[in-house]
Amino acid sequence: MAFFKKKKEEENKDEAVQRAPRYDSVAGVRINGFDGQALLKNISLGGFCMQSKTFAALVSGEKYIMKISPEKPSGLGAFDVEVEVRWVRSEVSRFEAGLLIAGSPSVREMEKYIAYLASRPRG
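Figured I'd write up the structure that's included with this text. Only a predicted model underlies this, so the values are computations on that prediction, with no experimental measurement involved. (Residues numbered from 1 in each chain as written. Predicted model: local features only at pLDDT ≥ 70, side-chain atom pairs only at ≥ 80, totals over all residues. Heavy atoms only, no water.)

## Let's talk about the sheet that holds strand β3 (residues 47-52)
The criterion, for reference: Any two strands between which DSSP finds at least two bridges are classified as paired. By the criteria applied, helices consist of DSSP H or I runs no shorter than four residues and strands consist of E runs no shorter than two, each listed in order from the N terminus. Axis definition: a line fitted to C-alpha atoms, limited for helices to the stretch in contact. Angles are taken between N-to-C directions and run from 0 to 180 degrees.
In space, the six strands of this closed barrel follow the order β1-β2-β3-β6-β5-β4, with antiparallel pairing throughout. Strand after strand, the sheet turns through a mean of 45 degrees between neighbouring axes, direction not considered. Looking at chain direction, strand β1 (residues 23-31) and strand β4 (residues 63-69) are connected through three bridges and run antiparallel. Note that in β4 the partner of G28 across the bridge is S69.

This is the structure we're talking about:
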């Protein structure tokens, strides 16, 4: 009987540890010499992944201020967010970095951006 009880406890634990919704967006990004369009994937208040066709000089473990310029239909202006680079993958035709939101001069702007992304129709 202990086996069934343990299984039920594990199910409850899984339900309690649900992941926050994630969103993707193409945005203007400026960070440590990189200035251009990037795909921001799995955006949440905890962090996101940046993907671009060009290299960005980011070092794993370092913190940077990133300026995000949301897509025009959002009606939002550019804002800064402090990020910590968790990992970097650089190939000839693609650059990716996992970014943890370490702080933000404008947390409210990031919240507005996520609210906008959540309100868009999913395709």
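Having seen the model, we can carry on.
## Some points on the pairing of strand β5 (residues 79-90)
Pairing of β4 with β5, which is carried by six bridges, proceeds in the antiparallel orientation. Bridge assignment links M66 to a residue of β5, and that residue is V81. Bridge analysis of β5 against strand β6 (residues 95-103) gives eight bridges, and the strand direction is antiparallel. Residue pairing in the sheet places S90 in a bridge with F95 of β6.

## Some points on the pairing of β6
This is how the line gets drawn: Buried means the residue's accessible area, taken with a 1.4 Å probe over protein chains only, is under 20% of the maximum for its type, while exposed means over 50%, and partly exposed covers the values in between.
Within β6, seven of the nine residues are buried, which leaves the element mostly enclosed by the surrounding structure. Across six bridges, the pairing between β3 and β6 is antiparallel. Its bridge partner lying in β6, S52 is registered against F95. Where β5 folds back onto β6 in an antiparallel hairpin, the turn is made up of four residues.

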